[in-house]
Amino acid sequence: DLPIKNILALSSSSSSSSSFDVVESKKKTTSRRRRLCGVNSYNIGRPLAQMIHFIWTYLRVVEQIGLEPSNPDITIDIVIPTGAMGNIAGGYMAKQMGLPINYLCAGVNVNDIIHRVLETGKFYRSNEMIKTMSDAINVQMPYNFERLLFYLTGQNHVLVNGWMKTVDSTNKLDLDKTWHEKLRQEFRSARITDEEMCNAMKRARDELSFFADPHTSVALSAAEKLGYRLFQPLGDEEESSIGTAPVVAIMATASPCKFEETVTVALGKDGWDDYFEKSFPENAKDLLDTEEMPPTLYRWDKDMALDDVQKVWEHHSREIIRTKFDCQVG
């Protein structure tokens, strides 16, 4: 059993973007007294807390290179595994407060709406979600993009509100040249395939003695693709000149202990066994002997409309609250 009795694990058969659509739409049609709240990154509390990661990272980087945090000549680039853009939004908010970050770089998988908008200025929702081995960043419509636009425009809520109404009604937005260029002055991105992610995981293990999870491996591969030399050059690649390469940090966002299947694909069975023996967290090993509690599954059949899904999921939730926690929902 979970140590906290009022927590229940739920699972959705839809994508994270579609699940968000159900929750967000329901919030808009629910009275305030019910006080519905999500704790994913569409809740501002999440990127606010993640700001601290970027401040801590900057302080550790300048410490490692022997400079004072007050040195005006040092800024850093940060590469982040990116899906819904909550983490990168926290970094941008920290930058707005004065943290000396140059580029915030999004490492994305083949569900690449973020990369496409940075490359072309076209923020278009994909018609389908592609299954990847870095599934926590599988996103069709990153809801924190609105927050980035808000700060990019100098907090012009009227302009951003108009843009987001266009997105809500058409699932797309075309940024004009001025705003697209402003976006590219702040952010970079790279699109990473599963094969590239697996290669980065293997090279991190072999060359850096670091075991990375799939999502951090996306960021590692993105950093290489963007020209930050983390690994030894391969083939015709040229090694960066010492002293000219920008200072870069990679955000590691999860532990590989959660991703045995993907780590085994990338490193082989011997690679997983080696990780388990040398680096698997001891407190996570303790969990392996506990009984697994199957999640409650929320289904979204392909022929169901959003309103129908909301009704089914709400009924399901009310039954869980009534039977599991012995209370009623008004």
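Residues numbered from 1 in each chain as written. Predicted model: local features only at pLDDT ≥ 70, side-chain atom pairs only at ≥ 80, totals over all residues. Heavy atoms only, no water.

Considerations on the overall build of the protein
Counting its regular elements, the protein contains twelve helices and eight strands. Within the protein, the fraction of its 330 residues that count as buried is 39%. In the protein, of all internal contacts separated by at least 6 residues, the share reaching a separation of at least 24 is 69%. When the accessible area of the protein is evaluated, it comes to approximately 19100 Å², of which 50% is carbon and sulfur surface. (Helix = DSSP H or I, 4+ residues; strand = E, 2+ residues; numbered from the N terminus. Buried < 20%, exposed > 50% of the residue type's maximum accessible area, 1.4 Å probe, protein only. Contact = heavy atoms within 4.5 Å. Areas by Shrake-Rupley, 256 points an atom, 1.4 Å probe, with all protein chains shown as cover.)

A few points about the sheet that holds strand β3 (residues 101-108)
Taken in spatial order, the four strands make up an open sheet running β6-β3-β2-β7, and their pairing is parallel. In this open sheet, the two edge strands, each paired with only one partner strand, are β6 (187-191) and β7 (248-250). The average undirected angle you get between the axes of adjacent strands in this sheet is 20°. Two strands pair when backbone bridges link them, and β3 and β6 are joined in this way by five bridges, in the parallel orientation. (Pairing = 2+ DSSP bridges. Axes fitted to C-alpha atoms, helices over the stretch in contact; angles between N-to-C directions.)

Considering the pairing of β3
Burial within β3 is extensive, with six of its eight residues counted as buried. Bridge analysis of strand β2 (residues 76-81) against β3 gives five bridges, and the strand direction is parallel. Across the sheet, Pro81 pairs through a bridge with Gly107, a residue of β3. With helix α3 (residues 86-96) bridging β2 and its parallel neighbour β3, the resulting β-α-β unit is right-handed. (Right-handed = clockwise from strand over helix to strand, strands pointing away.)

Some points on a nonpolar patch on the surface
Together, Ile52, Ile55 and Leu59 make up a nonpolar patch on the protein surface, roughly 230 Å² of accessible area in all. Along the chain, Ile52 turns up in helix α2 (residues 45-64). (Patch = residues over 30% accessible without salt bridge, like charges linked within 9 Å, V, L, I, M, F, W, Y side chains within 5 Å. Salt bridge = Lys/Arg side-chain N within 4 Å of Asp/Glu carboxyl O.)

Notes on the nonpolar core
Formed by 41 residues in total, the largest nonpolar core has its most connected members in Phe54, Ile78, Leu104, Leu149 and Leu175. Mapped by element, the contributors of at least two residues to this core are α2, β2, α3, β3, α4 (113-120), α5 (145-152), α6 (157-170) and α7 (177-186). Residues within four places of Ile78 in sequence aside, it is in contact with Phe54, Thr57, Ile101, Tyr103, Leu104, Cys105, Ala249 and Met251. With 23 residues, the next largest nonpolar core counts Ile137, Phe211, Ala223 and Leu267 among its residues. (Core = buried A, V, L, I, M, F, W, Y, C linked by side-chain atoms within 4.5 Å.)

Digging into the side chain of His215
Looking at the secondary structure, you find His215 in helix α9 (residues 214-225). Of the residues examined, His215 reaches a relative accessible area of 3% and is grouped as buried. Within the structure, His215 has its side chain in polar contact with the backbone nitrogen of Ala136 (distance 3.1 Å). Other than its neighbours up to four places away in sequence, His215 contacts Pro81, Ser134, Asp135, Ala136, Ile137, Thr253 and Phe259. (Polar contact = N/O pair within 3.5 Å; in protein donor to acceptor, adjacent residues only side chain to side chain.)

So, the environment of Ile114
Within the secondary structure layout, Ile114 lies in helix α4. Taking the C-alpha atoms as reference, Ile114 lies 8.6 Å from Phe145; in sequence the two are 31 residues apart. Not counting residues up to four positions away in its chain, the partners in contact with Ile114 are Thr82, Gly83, Met85, Ala106, Val108, Pro142 and Ser189.

Quick word on the pattern of salt bridges
Side-chain pairs of opposite charge can arise whenever the charged atoms involved come near each other. Per the stated rule, a full pass over the model turns up 14 salt bridges. As a salt-bridge pair, Arg60 and Glu63 come within 3.1 Å of each other at their nearest N and O atoms. On the criterion of helical spacing, the pair formed by Arg60 and Glu63 is a turn pair, its members being three residues apart in helix α2. In this structure, the salt-bridge partner of Arg184 is Glu119, at a minimum N-O distance of 3.8 Å. Of this pair, Arg184 sits in helix α7 while Glu119 sits in helix α4, and the two are 65 residues apart along the sequence. Taking the relative accessible area as the measure of exposure, Arg184 reaches 34% and is therefore partly exposed. Three or more residues are tied together by salt bridges with common partners; here these are Asp112, Arg116 and Arg191.

A look at the packing of aromatic side chains
Within the structure shown, the criterion is met by nine aromatic pairs. With a centroid separation of 5.4 Å and 50° between ring planes, the pair formed by Trp272 and Tyr275 is classed as tilted. In this pair, Trp272 and Tyr275 are both assigned in helix α10 (residues 260-278), three residues apart and thus about one turn of the helix distant. Across the pair, Tyr275 and Trp272 agree in class, each one buried. These aromatic residues form a ring-pair network of at least three members: Phe211, Trp272, Tyr275, Phe276 and Phe280. Across from the ring centre of Trp56, 5.4 Å away, lies the NZ or CZ of Arg60, which sits over that ring. Looking at Lys285, its charged tip hangs above the ring of Phe276, at a distance of 4.9 Å from the centre. (Phe/Tyr/Trp six-rings, centres within 6.5 Å; stacked < 30°, edge-to-face > 60°. Lys NZ or Arg CZ within 6 Å of the ring centre and 35° of its normal.)

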